[in-house]
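Now for the letters of each chain:
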Amino acid sequence: MKKKLNYFMSAAVVVLLTSCGGAEESNENQENDVAEETGPTFEESCATDNDVFVQIEKYGHNFDSTFTYKDKIEIVRSEWSQKDDSTATLSLYNYDLGAADTATNFKILVEFHSKNGQVLQAADYGYNDYDSDFWARVNIISPLGTVWFNWSMGMPKQGYVKLNYLDKENACGEFTLEVDKPTSNTIGHVVLKGPFKTL
């Protein structure tokens, strides 16, 4: 009888220890799942500061073709808005709200789009690349008018906007856009390059 009692007590201790260990393992799995769902933060993914270069030369499509700009711009204000899981808008400004109009007050306006069941995500968004799952429309807007990255057959593609990170409030990435045909004032030489992030 004593042997049986010792056996049952030993079995109970083993079951108790096993279930405790199992609970601990379950808690660890839950913590890992939470970490995976959370992922990297905006601060972790977007450590690079804004360093945006703009060039506008020989561009005269609804714009002053004598205007020339070729320099970096300091981003002082930003707006990021997600309409739904496949459309978002980014606005970057080098002037404060209410500042006096000057020819070099630039607003960089970017629309991000996804389709074919894809949601917005970190990816390369080709300029007006409607055949792709991810595409972007980009303008440089100033008091003189709106600049587009126009294109004609035989030219290299305009480029893309890379999104490295996005959430409901912030985004970051890099511009790689250029068209160069100064003999056509509807195209001119227009460049937008460098890393960006919301402020």
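The shown structure was predicted, so the numbers you read here are calculated from the model rather than taken from an experiment.

Novice: Quick question: what am I supposed to make of the overall build of the protein chain here?
Specialist: Check the secondary structure of the protein chain and you find two helices and eleven strands. In the protein chain, buried positions account for 36% of the 199 residues. Counting only contacts in the protein chain whose residues sit at least 6 apart along the sequence, the fraction spanning at least 24 positions is 53%. For the protein chain, the computed accessible surface area is about 11,900 Å², with 51% contributed by carbon and sulfur atoms.

Novice: Help me out: how do you make sense of the side chain of Gln158 in this one?
Specialist: Position of Gln158 relative to the elements: it lies in the loop between strand S8 (145-147) and strand S9 (159-166). Among the residues examined, Gln158 registers a relative accessible area of 10% and is labelled buried. At 3.1 Å, the side chain of Gln158 forms a polar contact with the backbone oxygen of Phe149. Once residues lying within four places of it in the same chain are set aside, the contact partners of Gln158 are Tyr127, Phe149, Asn150, Trp151, Thr176, Leu177, Glu178 and Val179.

Novice: How do you make sense of the nonpolar core when you look at a structure like this?
Specialist: Nonpolar side chains in soluble globular proteins tend to be buried together. Membership of the largest hydrophobic core comes to 39 residues, with the highest contact counts inside it found for Phe112, Val138, Phe175 and Leu192. Every residue in contact with Phe112, bar those within four places of it in the chain, is listed here: Trp80, Ser86, Thr87, Ala88, Leu90, Leu120, Tyr125, Trp135, Ala136, Val161, Leu163 and Phe196.

Novice: Is there a simple way to explain the pairing of S9 in this structure?
Specialist: Regular strands have side chains that alternate between both faces of the sheet. Summarising the sheet, strand S6 (residues 123-127) and S9 pair through four bridges and their orientation is antiparallel. The residue of S9 that forms the bridge with Ala123 is Leu163. With seven bridges connecting them, S9 and strand S10 (residues 171-181) associate as antiparallel partners. For Tyr165, the partnering residue across the bridge sits in S10 and is Cys172. If you look at the hairpin formed by S9 and S10, you'll find four residues sitting between the two strands.

Novice: Would you mind showing me how to read the packing of aromatic side chains here?
Specialist: Ring pairs (aromatic) are described by centroid distance and by the angle formed between their planes. Within this structure, the stated rule accounts for eleven aromatic pairs. Between Tyr59 and Phe63, the aromatic rings sit 5.9 Å apart at their centres with planes inclined by 70 degrees, giving edge-to-face as the arrangement. On the basis of relative accessibility, which here comes to 0%, the residue Tyr59 falls in the buried class. One aromatic cluster is present, built from ring pairs that chain together Trp80, Phe112, Tyr125 and Phe134. Across the ring face of Tyr95, the terminal group of Arg77 is positioned such that the distance to the ring centre comes to 5.5 Å.

Novice: In this structure, what is going on with the pairing of strand S4 (residues 87-93)? I would like to understand it.
Specialist: Across the seven residues that make up S4, a large majority, six, are buried. Sheet topology note: the strand S3 (residues 77-84)/S4 ladder contains seven bridges and is antiparallel. Counted as the bridge partner of Arg77 is Tyr93 from S4. By the bridge criterion, seven bridges tie S4 to strand S5 (residues 107-114) in an arrangement that is antiparallel. The residue bridging Leu92 from the neighbouring strand is Ile108, located in S5.

Novice: Is there a simple way to explain the pattern of salt bridges in this structure?
Specialist: Between side chains of opposite charge, a pair can form as their charged atoms come close. Taken as a whole, this structure holds six salt bridges when the rule is applied. Close ionic contact of Arg77 with Glu79 constitutes a salt bridge, the shortest N to O distance being 3.8 Å. Accessibility expressed as a relative area gives 16% for Arg77, which makes it buried. The partly exposed category is assigned to Glu79, whose relative accessible area is 40%.

The rules behind each value
- Residues numbered from 1 in each chain as written.
- Predicted model: local features only at pLDDT ≥ 70, side-chain atom pairs only at ≥ 80, totals over all residues.
- Heavy atoms only, no water.
- Helix = DSSP H or I, 4+ residues; strand = E, 2+ residues; numbered from the N terminus.
- Buried < 20%, exposed > 50% of the residue type's maximum accessible area, 1.4 Å probe, protein only.
- Contact = heavy atoms within 4.5 Å.
- Areas by Shrake-Rupley, 256 points an atom, 1.4 Å probe, with all protein chains shown as cover.
- Polar contact = N/O pair within 3.5 Å; in protein donor to acceptor, adjacent residues only side chain to side chain.
- Core = buried A, V, L, I, M, F, W, Y, C linked by side-chain atoms within 4.5 Å.
- Pairing = 2+ DSSP bridges.
- Phe/Tyr/Trp six-rings, centres within 6.5 Å; stacked < 30°, edge-to-face > 60°.
- Lys NZ or Arg CZ within 6 Å of the ring centre and 35° of its normal.
- Salt bridge = Lys/Arg side-chain N within 4 Å of Asp/Glu carboxyl O.

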